[in-house]
Amino acid sequence: MKEKSMEGLIERWVRPEIRALSAYHVPEAEGLIKLDAMENPYNWSAELRDQWLQRLRGVDVNRYPHPQAPGVTAALRRAMGIPGDAEMILGNGSDELIQMIAITLGGSGRVLLSVEPSFVMYRMIATFLGMEYVGVPLRRRDFSLDPDLLLAALRKHEPAVIFLACPNNPTGNLFREAELRQVLEAAPGLVVIDEAYAPFTDASFLPLLGRYDNLLVMRTVSKMGLAGLRLGLLAGPGAWIGEIDKTRLPYNINILTQVSAEFALEHKALFDRQTRAIRGQRQTLFGALQGIDGVEPCPSEANFILLRLVAGAAPAVHAGLRERGVLVKNLHGTHPLLEGCLRVTVGTSQENAAFLAALKATL
Ligand SMILES: *Cc1c(COP(=O)(O)O)cnc(C)c1O
């Protein structure tokens, strides 16, 4: 087919809101210290790897996996302390769960609401599904919720679903529980608390499951150290979970993920040690950043720290860090409240030291 006619076809048939998007871009990280994607920096011992591979040897890849993945569901329930009376569904990462929720509640004229700046997939998935997206700005000073603004937006837009990441990405802060409860009480539809960073904070809404008819909690194994498996969970009242489960594609959790996650969660204590170490490193890194002129780190309850640099410096500092072998996320230009901001994932003590040295050399 000639290129010209293909362009014409694309223009005629690809939905305008999809054509207007730019594809999710993951930068090349070959050979760099990778502090841009909130990954756990610790890998497994050779012995643990051998045990894991042994387990994988028994897998029959010619067969479909178990459609409900009961083994890994039970392991997740135990590992994450999901209340006994809450139901669960699993997703291919929490991204897929966001998509299932939006498919269940979406459609034209339906609104998906979140705060800004926050996780970009909420807006992206709303767009994919033809929902209207509303982003309510956080407070400039400390990225806290602005309850008056939020409650006014609820009355005005009557969102089918509200997503709130707590701790929030990319800002790292928690929202106040009293304010989140206000949102739960005022929301006309579903409220999903996204606890992707639960391993790095003591706060959680899991104990409140069942106390509100419209509360669901989402978790993932990605940030605790299993990002490669792509596995997330949604927990809440059975009636909601049953409806959302109807949109799940058959066998969405593949057999390698099911077996590997079950194996990994038998070693939960290892991940707890790693995430505790990351929390300790976070404090050390935060203190070091506070001591650098021209850098303002934001307090974080997650495994990353948002930094604000002096006006205009962020793009050059981001490039300078890269030249010195350290990859962080440049957020400058992504949202007005993130002007001059970079986000650095907390790595090992060596990686954090290399980042700090590169930062000082760049500034
Ligand atoms: C990283 C992240 C996720 C994505 O989790 P996956 O399970 O890897 O898809 C979800 N929500 C927030 C807020 C995140 O930062």
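Here the structure is a predicted model, which is why all the values come from computation and not from measurement.

1. Thoughts on the packing of helix H4 (residues 70-80) against helix H11 (residues 255-265)
So, point 1. Two elements in contact, H4 and H11, have axes whose closest approach is 9 Å; the angle formed by their N-to-C orientations is 30°. Regarding the angle of H4 to H11, the classification is roughly parallel. Both H4 and H11 take part in a crossing whose hand is left-handed. Only Gln-258, Ala-261, Glu-262 and Leu-265 of H11 make contact with H4, whose side of the interface consists of Gly-71, Val-72, Ala-75, Leu-76 and Ala-79.
So, point 2. Taken together, the residues of the contact of H4 with H11 break down into six nonpolar, two polar and one charged.

2. Some words on the sheet that holds strand E12 (residues 329-330)
So, point 1. Pairing in this open sheet of four strands is antiparallel, and the strands run E9-E10-E13-E12 from one edge to the other. The open sheet has two edge strands, strand E9 (295-297) and E12, and neither has a second partner.
So, point 2. Across two bridges, the pairing between E12 and strand E13 (residues 341-345) is antiparallel. By the bridge assignment, Lys-329 is partnered in E13 with Arg-343.
So, point 3. Each of E9, strand E10 (304-309) and E13 touches helix H12 (residues 268-290); the most contacted strand, E10, lies at about 10° to it.
So, point 4. Most of the contacts of helix H13 (residues 314-323) go to E13, to which it runs at about 30°, and overall it touches E10, E12 and E13.

3. Considerations on the domain arrangement of the protein chain
Interface size is commonly expressed as the accessible area that is lost once the parts come together.
So, point 1. The domain architecture assigned to the protein chain consists of domain 1 (12-41 + 269-362) and domain 2 (62-265).
So, point 2. Its C-alpha centre places domain 1 at a distance of 23 Å from the equivalent point of domain 2.
So, point 3. Taken residue by residue, the interface counts 28 residues in domain 1 and 29 residues in domain 2.
So, point 4. Here domain 1 and domain 2 share an interface that buries about 2,400 Å² over both sides, 65% of which is from carbon and sulfur atoms.
So, point 5. Ranking the residues of domain 1 by area buried against domain 2 places Phe-271, Glu-301 and Leu-337 at the top, with a combined share of 26%.
So, point 6. With its nearest N and O atoms 3.0 Å apart, the salt bridge here joins Asp-202 to Arg-279.

4. A short note on the pairing of strand E8 (residues 232-236)
For a regular strand, side chains alternate in direction, first toward one face of the sheet and then toward the other.
So, point 1. With respect to burial, E8 is a largely interior element, five of its five residues being buried.
So, point 2. Where burial is concerned, the two faces of E8 agree: the one with Gly-232, Leu-234 and Gly-236 and the one with Leu-233 and Ala-235 are both buried.
So, point 3. As defined by bridge partners, strand E2 (residues 87-91) adjoins E8 across five bridges and the pair is classed as antiparallel. Bridge pairing in E8 places Glu-87 opposite Gly-236.
So, point 4. Alignment of strand E7 (residues 215-220) against E8, held across four bridges, turns out to be antiparallel. If you follow Met-218 over to E8, its bridge partner there is Leu-234.

Cut-offs applied
- Residue numbers restart at each chain and count upward from 1, following the sequence in its written direction.
- Confidence filtering applies because this is a predicted model: local features only for residues at pLDDT of at least 70, side-chain atom pairs given and counted only at 80 or more, and all residues used for totals across whole chains, interfaces and linings.
- As a convention, hydrogens and water are excluded, and side-chain values are obtained from all of the structure's heavy atoms.
- Convention adopted: a line fitted to C-alpha atoms gives each axis, helices being fitted over their contacting stretch, and angles between N-to-C directions are expressed from 0 to 180 degrees.
- For helices the rule is a DSSP run of H or I covering at least 4 residues; for strands it is a run of E covering at least 2, with both sets numbered from the N terminus onward.
- Under this scheme an angle from 65 to 115 degrees is roughly perpendicular, one under 35 degrees roughly parallel, and one over 145 degrees roughly antiparallel; angles in between are oblique.
- By definition, turning the near helix anticlockwise from the far helix through less than a right angle yields a left-handed crossing, and turning it clockwise yields a right-handed one.
- In what follows, residue pairs with any heavy atoms lying within 4.5 Å of each other are defined as contacts.
- Three classes are used: nonpolar for Ala, Val, Leu, Ile, Met, Phe, Trp, Tyr, Cys and Pro, charged for Asp, Glu, Lys and Arg, and polar for all others, with Gly counted as polar.
- At least two DSSP bridges between two strands are required for those strands to pair.
- Segmentation of the chain into domains, including their bounds, is taken from an automatic or database domain assignment.
- Note on terms: buried area is the combined drop in 1.4 Å-probe accessible area of two parts once they are placed together, counting the loss on both.
- Each reported salt bridge corresponds to a side-chain nitrogen of Lys or Arg within 4 Å of a carboxyl oxygen of Asp or Glu.
- For every residue, the accessible area (1.4 Å probe, protein chains only) is compared with the maximum for its type, and the residue is labelled buried under 20%, exposed over 50%, or partly exposed between those bounds.

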